[in-house]
Amino acid sequence: MFKQILGKLPKKPSAKFWDNGESQTADNNNNQGGGDEALSQRSSSNGDNTDCVSFDVLPRLRDVSISEKQELFLKKLRLCCVVFDFAVEPQQNLKEKEIKRQTLLEVVDYVISSGNGKFTESVIQEGTKMISANLFSNPHRQWKNKTPEALDLEEEEGSLNPSWPHLQIVYEFLLRIVASPNTDPKISKKYIDHTFVLKLLDLFDSEDPREREYLKTILHRIYGRFMVHRPFIRKTMNNILYDFIFETGKHSGIAEFLEVLGSIINGFALPLKEEHKLFLTRVLIPLHKLKCLPNYHQQLSYCVIQFVEKDCKLADTVIRGMLKYWPVTNSSKEIMFLNELEEILEATQLTEFERCMIPLSRQIAQCLSSSHFQVAERALYLWNNDHVTNLVRQNSRIILPIVFPALEKNGSSHWNQAVKNLTENVLKVLSDTNPDLFEECLCKFQEDQQKAEDTKKKNGETWRQLEEIVASMAK
């Protein structure tokens with residue numbers, strides 16, 4: 001694909017880039033290099049736009065000898081350090097922007113087709129300089145200064161980075177460099193260091209989902225190849241998540257963070273370290289309380305379930321943590337909690353279940369009594385799970401008296417017919433499983449109902465007497 005695109009490079013490109021956005025076409029005498037060329041930076045530059053940056057004609061990488069390729073490749077990397085403005089003045093330097101894009105494609109193609117030769121330190125150094133100039137520079141981040149009020153939130157393009165035509169190729173270059181077998185981690189870690197990784201993690205707050213997708217893949221590769229960075233990456237991600245949970249409540253890349261963490265958790269060795277258990281209790285469980293939970297719940301649920309599957313003793317901690325943050329007035333979040341709860345219960349052993357079954361049963365009873373039919377329906381579906389049903393059956397003497405009143409009321413008075421039908425099915429299953437206990441719970445429910453009716457009548461009579469006394473005193 002890259003070779004097809006590279007074949008469309010403009011003929012005889014030559015220009016001068018100026019900080020004021022103007023471009024000057026060089027004299028025809030400077031364009032004697034022939035067909036397919038790229039541009040090389042001639043005057044000094046610190047990686048950003050300078051007052052005056054001029055360029056010389058350079059040949060294509062495939063048109064020079066092997067001995068000249070590396071030096072030419074380094075010159076092209078330096079050329080790509082020039083950063084253009086896409087946010088404030090998107091129509092300026094269009095020709096120069098296209099030339100840079102084609103040059104970026106060429107250096108990516110060179111990395112892909114580099115064969116078995118190891119990248120030298122100078123290649124890694126210049127490559128990281130180019131990446132830093134493009135990804136960590138201010139001009140590419142100006143688009144984020146547009147406040148959400150200034151954007152139409154219903155339009156997806158409102159959150160897309162206008163500099164993506166260049167950034168996408170830069171991210172592709174970084175991904176190829178990190179993943180390439182020709183990259184020596186011992187050399188690369190000098191340049192892809194903690195500062196570089198920290199800046200990369202900061203970019204996860206980008207509003208552009210395409211950028212976050214690239215960052216997720218790149219971070220996963222860095223974590224896999226650079227073992228020396230693993231503790232730092234975990235610690236930094238923890239700090240970002242702490243800030244999100246307890247301070248700002250706003251971050252665009254939580255779902256991508258959790259997706260990477262899901263892979264990391266999957267690779268944790270057993271027995272789990274205390275550091276990892278603290279991450280579960282201090283980060284993952286509190287993440288359930290945020291209003292924006294729907295944005296990342298799928299990834300969060302996967303991370304939590306990974307912990308329970310690795311260490312079943314954590315099930316009690318997880319379930320009690322979820323009960324602590326169980327939503328009260330948000331029905332859609334309540335359904336998410338019930339979905340996650342079922343998956344956790346599937347990985348829960350009987351011993352751990354028995355530790356938390358009483359508060360859990362009380363919460364399930366509240367869900368069964370919900371006037372929102374989807375919440376009640378989702379709670380009833382728990383009885384369709386064989387493992388959950390087995391856990392309930394083995395502890396029916398404790399659980400059934402807690403949930404029976406809610407089931408009985410649903411069966412007789414819930415407004416939704418689907419909930420009534422499901423309730424009848426669950427009651428039949430419970431009746432067939434333990435008829436004696438079922439009859440006992442039914443009698444207890446009827447007695448409690450009768451007592452409630454008697455209390456209501458007594459209270460009504462008391463109020464009537466009080467009203468008569470007040471009326472007589474008024475006379």
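Everything discussed here concerns the structure shown above.
Residues numbered from 1 in each chain as written. Predicted model: local features only at pLDDT ≥ 70, side-chain atom pairs only at ≥ 80, totals over all residues. Heavy atoms only, no water.

Before going further, it helps to examine the pattern of salt bridges. For the coordinates displayed, the defined rule picks out 18 salt bridges. With its nearest N and O atoms 2.3 Å apart, the salt bridge here joins Arg-464 to Glu-468. With Arg-464 and Glu-468 both in helix H20 (residues 435-474), this residue pair falls four residues apart, about one helical turn. Here Arg-464 falls in the partly exposed class, since its relative accessible area comes to 36%. (Salt bridge = Lys/Arg side-chain N within 4 Å of Asp/Glu carboxyl O. Helix = DSSP H or I, 4+ residues; strand = E, 2+ residues; numbered from the N terminus. Buried < 20%, exposed > 50% of the residue type's maximum accessible area, 1.4 Å probe, protein only.)

Looking at where Lys-100 falls in the secondary structure, it is placed in helix H3 (residues 94-112). A polar contact of 2.6 Å, which involves the side chain of Lys-100, links it to the backbone oxygen of Val-82. Those residues in contact with Lys-100, other than ones at most four positions away along the chain, are Cys-80, Val-82, Val-83, Phe-84, Asn-134 and His-166. (Polar contact = N/O pair within 3.5 Å; in protein donor to acceptor, adjacent residues only side chain to side chain. Contact = heavy atoms within 4.5 Å.)

Where nonpolar side chains cluster on the molecular surface, the patch consists of Trp-463, Leu-466, Ile-469 and Met-473 and spans about 490 Å² of accessible area. Position of Ile-469 among the secondary structure elements: in helix H20. (Patch = residues over 30% accessible without salt bridge, like charges linked within 9 Å, V, L, I, M, F, W, Y side chains within 5 Å. Areas by Shrake-Rupley, 256 points an atom, 1.4 Å probe, with all protein chains shown as cover.)

Now for the packing of aromatic side chains. Here the structure, examined in full by the defined rule, presents 13 aromatic pairs. Measuring from ring centre to ring centre gives 6.0 Å for Phe-244 and Tyr-296, while their planes differ by 75 degrees; the resulting arrangement is edge-to-face. Of this pair, Phe-244 sits in helix H9 (residues 230-248) while Tyr-296 sits in the loop between helix H11 (274-284) and helix H12 (297-310), placing them 52 residues apart in sequence. Residue classification places Tyr-296 among the buried positions, given a relative accessible area of 1%. A centroid spacing of 6.2 Å and a plane angle of 75 degrees characterise the contact between Phe-404 and Phe-445, whose relative ring orientation is edge-to-face. (Phe/Tyr/Trp six-rings, centres within 6.5 Å; stacked < 30°, edge-to-face > 60°.)

Turning next to the packing of helix H14 (residues 331-346) against helix H15 (residues 350-368). Their axes nearest at 13 Å, the elements H14 and H15 cross at an angle of 150 degrees. By the criterion of interaxial angle, the relationship of H14 to H15 is roughly antiparallel. Considering the relative orientation of H14 and H15, their crossing is left-handed. Only Phe-353, Leu-360, Gln-363, Ile-364 and Cys-367 of H15 make contact with H14, whose side of the interface consists of Glu-334, Leu-338, Leu-341 and Leu-345. For the contact of H14 with H15, the per-class residue count stands at seven nonpolar, one polar and one charged. (Axes fitted to C-alpha atoms, helices over the stretch in contact; angles between N-to-C directions. Parallel < 35°, antiparallel > 145°, perpendicular 65-115°, else oblique. Left-handed = near helix turned anticlockwise from the far one by under 90°. Nonpolar A, V, L, I, M, F, W, Y, C, P; charged D, E, K, R; others polar.)

For H20, which comprises 40 residues, the first-to-last C-alpha distance of 58 Å matches the rise-based estimate of 58 Å (1.5 Å per residue) to within 8%. By the burial criterion, the buried members of H20 are Leu-437, Phe-438, Cys-441, Leu-442 and Phe-445. On its buried face, H20 is in contact with helix H18 (396-413) and helix H19 (417-433). (Expected span 1.5 Å × (residues − 1).)

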